[in-house]
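Each chain, letter by letter, is given below.
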Amino acid sequence: MADVPAAVVVPRMKLGSQGLEVSAQGLGCLGMAGFYGPPKPEADMIKLIHHAVATGVTFLDTSDFYGPHTNELLLGKALQGGVREKVQVATKFGLRTGEDGDREVHGHPAYVRVACEGSLQRLGVDCIDLYYQHRIDEKVPIEVTISEIKKLVEEGKVKYIGLCEASASTIRRAHAVHPITAVQLEWSLWSRDAEEEIIPTCRELGIGIVAYSPLGRGFFTSGPNLIGSLSDQDFRKHLPRFQPENLDKNARIFECVNTMATRKGCTPSQLALAWVHHQGSDVFPIPGTTKIDNFNMNVGALSVKLTIDEMAELESYAAEGNVQGDRYPHMASTWKNSETPPLSWKPE
């Protein structure tokens, strides 16, 4: 088993400007519930979560959509025995799979309340530290959705509010109703579309940035060889960047990152993760894993230091013209599709 380097200390930092303090690096729990292949053994995942907390990674990220529901139930079991007091739990609402199998987005106030009560019960907690709208419902004004979460804050069921994959204008509208603590978005060496508008907006408003998939969904860990190790149940097999016509070209990016990592005496995944950490003290990556060895490797990224020139070199490898394929098919359910109606909306 790879040990966490003794010199690595996971610092705690302020996420956003409303008072939430979390570990500088979090743990994304999605892969424990499936999506990246079959669900993993519960006992092993609880052991991993406990190891993370003991290491100092206390910012745990889940969603009612993961499973669905099974990931929150897993985390709820892991929080027992005094663990709850040591961690900051982030979960999400707003996504579900319809009867036809298609993904549905819901931001109706009644749905928000039912979803929150369900998450509280599954997690076994009295209050959710950070409650995200998982995706933006284009049918319901963001002000209406956030107003309902604001009531949950006032009732003591939620401490802080977050948004995922929201556009700059949506963030501004939401923040005007109740301060938004964090915006979660995909940010890695090869996913930088949020840098133009969304990240500057967050910084202007004092909103923390939580970076999911900071390792390019495993690409910067294994490179093009990743696809051959994926099970048929792994949704990454359907992502544009992992299709053969794109993967062959994207392989060059990994080769360059790997060469630089060798030069610096770290792994390519540590180098890619360090790049995200170096974006600023308001950026909190939440790499996911289901293996303790990989978790330890990710924590080791905190000890990798990059110069301005090295940052620029890394960015040149994954410049816009070098990355082949979008993040998602048709970029569905991202900030590019997150504008909501004006406040003239009336509930159905």
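Residues numbered from 1 in each chain as written. Predicted model: local features only at pLDDT ≥ 70, side-chain atom pairs only at ≥ 80, totals over all residues. Heavy atoms only, no water.

J.: Before we move on, could you go through the UniProt feature "domain: NADP-dependent oxidoreductase" (unreviewed entry) in the protein and cite the residues and values that matter?
T.: According to UniProt, the positions carrying the feature "domain: NADP-dependent oxidoreductase" (unreviewed entry) are residues 29-316. In residues 29-316, helix accounts for 42% and strand for 14%; the two terminal C-alpha atoms are 31 Å from one another. (UniProt positions renumbered as here; feature names shortened; annotations may be inferred. Helix = DSSP H or I, 4+ residues; strand = E, 2+ residues; numbered from the N terminus.)

J.: Any details on the packing of aromatic side chains? Residues and values, ideally.
T.: Inspection of every chain in the model, using the stated rule, returns 11 aromatic pairs. On the basis of an interplanar angle of 45° and a centroid distance of 5.8 Å, the ring pair of F35 and F65 is categorised as tilted. One end of the pair, F35, is in the loop between strand 3 (26-28) and helix 1 (42-55); the other, F65, is in the loop between strand 4 (59-61) and helix 2 (70-78), with 30 residues separating them in the sequence. A relative accessible area of 24% places F35 in the partly exposed class. Overall, F65 belongs to the buried group, its relative accessible area being 9%. Aromatic rings pair up to connect F35, Y36, F65, Y66 and F235 into one cluster. One cation-aromatic arrangement involves R236 over Y36; the distance from NZ or CZ to the ring centre is 4.0 Å. Positioned above the aromatic ring of W190, the side-chain terminus of R241 is 4.9 Å from the ring centre. (Phe/Tyr/Trp six-rings, centres within 6.5 Å; stacked < 30°, edge-to-face > 60°. Buried < 20%, exposed > 50% of the residue type's maximum accessible area, 1.4 Å probe, protein only. Lys NZ or Arg CZ within 6 Å of the ring centre and 35° of its normal.)

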